[in-house]
Amino acid sequence: MQLHSFFNSSTSYRVRIALALKGLSYDYLPVNLRKQEQRAADYVAKNPSAGVPLLIDDGVQLSQSLAIIDYLDATHPEPRLIPADTLARARVLELSDAISCDIHPVNNMRILRYLQDVLGASDEQKTAWYHHWIKEGLTAVEALLARHGHGAYCFGDAPTLADCCLVPQVANAQRMGCDVSAYPRILRIFEHCNAQPAFQQAAPSQQPDYTS
C-alpha cells in the first residue's frame, strides 16, 4: 500500500489517522504542495484532482479522503470507522461532511493561494477569510456535538470518521492563529484524540516530509 501525502494536508492527515487506527503499514510518498508537485503531469495522470491524498492499494488508485477511508473500512473493517447502524452512520457522516464539505474546501491551500495571487487579497484579508469560515464551521460542529455527541470521542468511546476529520481541522485552525476557545466540546475531543498513539503517529510533525 502506498500513500501520496503532504505532512500539512488535513485531508492526508485524515487518511493517516485511519491507517494508524487500523494498524495498516504503507509506503509514504511525499507530494510537496508548496512546490506544486501535485500538478506534475505524471502525478495528475494518477490523480486527476491534482491533490493529496492518493492511496494505491494492489492496483487500486483512490483519491478523496472520505472515499479512501470508506474503502479502508470495507477492506479492513476493524476497527470500523463508519458505523453500520443507519442512524449512527448518518450522524458520523453529518459531522464529517460539516468539516470536509463546509470548512475545508474554502480554506485549503489552493483557495488561499488564488485569493492572494489572482484576486490580490492582502495577508490580512486572507487571514480574515480563513478565520471567518473556521468560526462559522466550528460553531456548527460544536452545536452538532452538543445535540448528538457522546463519549470520549465525537460519537462514543471509539474513534470514527468524525474524529479523523475533526482533529486535522482543529490543528489547522490553531496553526493559522484561530481562537478556538469557544468550542469546549471540540477541544475536549481534540485533546483526547491527541493523547492516543494512532493520532500521534499520524500527526504532521511525525511525517518524513515534515518541515516547520
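Residues numbered from 1 in each chain as written. Predicted model: local features only at pLDDT ≥ 70, side-chain atom pairs only at ≥ 80, totals over all residues. Heavy atoms only, no water.

Quick notes on the UniProt feature "domain: GST C-terminal" (unreviewed entry) in the protein
Residues given the UniProt feature "domain: GST C-terminal" (unreviewed entry) here are residues 85-212. Helix makes up 70% of residues 85-212 and strand 0%, whereas the separation of the span's terminal C-alpha atoms amounts to 41 Å. (UniProt positions renumbered as here; feature names shortened; annotations may be inferred. Helix = DSSP H or I, 4+ residues; strand = E, 2+ residues; numbered from the N terminus.)

A look at the UniProt feature "domain: GST N-terminal" (unreviewed entry) in the protein
UniProt feature "domain: GST N-terminal" (unreviewed entry): in the numbering of this structure it lies at residues 1-80. Structurally, residues 1-80 is divided into 36% helix and 20% strand, and its ends, taken at the C-alpha atoms, are 19 Å apart.

Here's the deal with the domain arrangement of the protein
When cut into domains, the protein gives domain 1 (2-79) and domain 2 (86-199). The centre of domain 1, based on its C-alpha atoms, is set 19 Å off from the matching centre of domain 2. Contacts between domain 1 and domain 2 engage 17 residues on the former and 20 residues on the latter. Our count for the contact surface shared by domain 1 and domain 2 stands at zero salt bridges. For the interface between domain 1 and domain 2, the tally reads zero residue pairs in polar contact (both at pLDDT 80 or more). (Domains from an automatic or database assignment. Contact = heavy atoms within 4.5 Å. Salt bridge = Lys/Arg side-chain N within 4 Å of Asp/Glu carboxyl O. Polar contact = N/O pair within 3.5 Å; in protein donor to acceptor, adjacent residues only side chain to side chain.)

What to know about helix α7 (residues 161-175)
When the terminal C-alpha atoms of α7 are compared, their 22 Å separation across 15 residues agrees well with the 21 Å that a helix rising 1.5 Å per residue should span. With twelve of 15 residues buried, α7 is to be regarded as a mostly interior element. Among the residues of α7, those classed as buried are L161, A162, D163, C164, C165, L166, V167, P168, Q169, V170, N172 and A173. As for α7, its buried residues are in contact with α1 (10-21), α3 (65-75), α4 (86-107), α6 (123-148), α8 (184-194) and α9 (197-202). (Expected span 1.5 Å × (residues − 1). Buried < 20%, exposed > 50% of the residue type's maximum accessible area, 1.4 Å probe, protein only.)

A look at the pattern of salt bridges
Side-chain pairs of opposite charge can arise whenever the charged atoms involved come near each other. For the coordinates displayed, the defined rule picks out three salt bridges. For D73, the salt bridge goes to K22, with nearest N and O atoms at 2.7 Å. Within this pair, whereas D73 is found in helix α3, its partner K22 is found in the loop between α1 and β2 (27-30), the two being separated by 51 residues in sequence. For E94, the salt bridge goes to R91, with nearest N and O atoms at 3.2 Å. Separated by three residues within a single helix, E94 and R91 lie in helix α4, roughly one turn from each other. Given the relative accessible area of 33%, E94 is considered partly exposed.

Section: α8
Buried residues of α8: I186, L187, I189, F190 and C193, and no others. The buried side chains of α8 occupy one side of the element, clustering within an arc of 165° when seen end-on. The secondary structure elements touched by the buried residues of α8 are α6, α7 and α9. (Arc of directions from axis to C-beta.)

Concerning the pairing of strand β1 (residues 2-5)
Regular strands place their side chains on alternate faces of the sheet. Relative to β2, β1 runs parallel, the two being bridged by four bridges. Bridging from a neighbouring strand, L3 pairs with Y28 of β2. A crossover connection joins β1 to the parallel β2 through α1; in handedness this β-α-β unit is right-handed. In the sheet, β1 pairs with strand β3 (residues 54-57) via three bridges, with the strands oriented antiparallel. (Pairing = 2+ DSSP bridges. Right-handed = clockwise from strand over helix to strand, strands pointing away.)

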